[in-house]
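Examining the three-dimensional arrangement
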Amino acid sequence: MRVHVVSDVHGRADALAHAADGADVLICLGDLILFVDYDDHSQGIFPELFGAEQASRFIALRTAGRFDEARALSAELWAALGGDPREHIERMADKQYAELFAAMPTPAYLTYGNVDVPALWAGHVREGHHVLDGQTAEIGGLTVGFVGGGLRSRYRTPYEISDEDYAAKVEALGEVDVLCSHIPPAVPELLYDVVARRFERGSEALLEAIERTQPRYALFGHVHQPLAARRRIGRTECINVGHFRRSGKPFVLEW
């Protein structure tokens, strides 16, 4: 069984269409849509609505850790645009999802990222797309568990939940051979982004499940430029499968 794994697609429908070439199945660990690109400030929902110059201001404030000022700028821009910001975001996200799910290969097993809007997926998934969150599937003879979303953070992204609710989804999986999530387990070197120069949030519940049940693999994304992309915990190989928007290439596993 040859499995290709992607995460943090962030709008790369062109590369996604070929992500399963040569594979038996694709696993996608979320963050399909692109809100704002920290490298190319002209792409994403934010610059489409407000322009690249305002996106650059917004990114500069967030990168500097000036989150209150970034939120104030955002509020000012939304007020000038008029209407409900959520409706604008969901309209633009829905448009991206239409393109991304049209490009998504089959068969594919998917879970949500913290930037995703789960309610919008139902209108776009096709036959052969299996969406799982706090659920398991048998893939190539192994039991694979999926936990979507992220934990609450100062970024206030669309699919963030409490630590307790996240832990309940992890617990619901039981023992699995492969543990798939969008965010990493709470291991510092897996959480630190060397370009953004900050720690992202990881899950203590994931780490505890790995230490207790020792799956063969723990696969995740979320941290785009990690200090460490791999870490072994007991017999479990913990692997950041990479920033697909940047690389355009899947992580390859065989089992």
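Residues numbered from 1 in each chain as written. Predicted model: local features only at pLDDT ≥ 70, side-chain atom pairs only at ≥ 80, totals over all residues. Heavy atoms only, no water.

**Some words on the overall build of the protein chain**
- Regarding its fold elements, the protein chain presents 9 helices and 15 strands.
- The C-alpha radius of gyration computed for the protein chain amounts to 18 Å, which stays within 12% of the reference 18 Å derived for 255 residues, consistent with globular compactness.
- Dimensions of the protein chain, computed from the C-alpha atoms along their principal axes, are close to 55 × 35 × 30 Å.
- Here the protein chain holds 255 residues, and 54% of them are scored as buried.
- Considering only contacts in the protein chain between residues 6 or more positions apart, those separated by 24 or more positions represent 57%.
- Of the roughly 11,300 Å² that the protein chain leaves accessible, carbon and sulfur atoms contribute 47%.
- The positive charge centre, built from 26 side chains, and the negative charge centre, built from 37, are 4 Å apart in the protein chain. (Helix = DSSP H or I, 4+ residues; strand = E, 2+ residues; numbered from the N terminus. Rg over C-alpha atoms; globule rule 2.2 N^0.38 Å. Buried < 20%, exposed > 50% of the residue type's maximum accessible area, 1.4 Å probe, protein only. Contact = heavy atoms within 4.5 Å. Areas by Shrake-Rupley, 256 points an atom, 1.4 Å probe, with all protein chains shown as cover. Lys, Arg positive; Asp, Glu negative; His and termini not counted. Charge placed at Lys NZ, Arg CZ, Asp CG, Glu CD.)

**Some thoughts on the UniProt feature "domain: Calcineurin-like phosphoesterase" (unreviewed entry) in the protein chain**
- UniProt tags residues 1–226 as "domain: Calcineurin-like phosphoesterase" (unreviewed entry).
- Each end of residues 1–226 is marked by a C-alpha atom, and these two atoms are 28 Å apart; helix forms 36% of the span and strand 19%. (UniProt positions renumbered as here; feature names shortened; annotations may be inferred.)

**Focus on helix H5 (residues 85–103)**
- Over its 19 residues, H5 runs 27 Å from end to end, which matches the ideal 27 Å to within 8%, given 1.5 Å per residue.
- Buried-residue contacts for H5 involve helix H1 (13–16), helix H2 (45–50), helix H4 (67–81), strand E3 (108–110) and strand E4 (129–131). (Expected span 1.5 Å × (residues − 1).)

**Regarding the sheet that holds E3**
- Pairing is mixed in the open sheet, where 5 strands are placed in the order E4-E3-E2-E1-E15. Bordering the open sheet on either side are E4 and strand E15 (251–254), each of which pairs with just one other strand. Within the sheet, the average angular offset between the axes of one strand and its neighbour, ignoring direction, is 20 degrees.
- Two elements, strand E1 (residues 2–6) and strand E2 (residues 25–28), share 4 bridges in a ladder whose sense is parallel. The partner of Val6 across the bridge, within E2, is Cys28. (Pairing = 2+ DSSP bridges. Axes fitted to C-alpha atoms, helices over the stretch in contact; angles between N-to-C directions.)

**Concerning the state of the cysteines**
- Under the defined criterion, the tally for this structure stands at 0 disulfides.
- With no disulfide partner, Cys28 has as its closest neighbouring cysteine sulfur the one in Cys180, 11 Å distant.
- For Cys28, a relative accessible area of 0% gives the class buried.
- Not engaged in a disulfide, the cysteine Cys238 finds its nearest cysteine sulfur in Cys180; these two sulfurs lie 12 Å apart. (Disulfide = S-S within 2.5 Å.)

**Structural notes on the sheet that holds strand E14 (residues 236–240)**
- Taken together, 6 strands build an open sheet; the order of strands is E5-E6-E9-E12-E14-E13 and the sheet is mixed. Looking along the sheet, the strands with just one partner apiece sit at the ends: strand E5 (135–139) and strand E13 (230–233). Sheet twist, expressed as the mean angle between neighbouring strand axes with direction ignored, is 20 degrees.
- Bridge analysis of E5 against strand E6 (residues 142–147) gives 5 bridges, and the strand direction is antiparallel. Bridge assignment links Ala137 to a residue of E6, and that residue is Val144.
- Packed on one face of the sheet, helix H6 (residues 163–173) meets E5, E6 and strand E9 (178–181) and runs near 170 degrees to E6.

**Observations concerning the packing of aromatic side chains**
- Considering all chains together, one arrives at 12 aromatic pairs under this definition.
- Taken together, a centroid distance of 5.7 Å and an interplanar angle of 90 degrees make the contact between Tyr112 and Tyr159 edge-to-face. Taken together, the positions of Tyr112 in the loop between E3 and E4 and Tyr159 in the loop between strand E7 (150–151) and strand E8 (160–161) put the pair 47 residues apart, joining distant regions of the chain. Take Tyr112 and Tyr159: they sit in the same class, and that class is buried.
- Taken together through their ring pairs, the aromatic side chains of Phe35, Phe46, Phe50, Phe58 and Trp78 make up a single cluster. (Phe/Tyr/Trp six-rings, centres within 6.5 Å; stacked < 30°, edge-to-face > 60°.)

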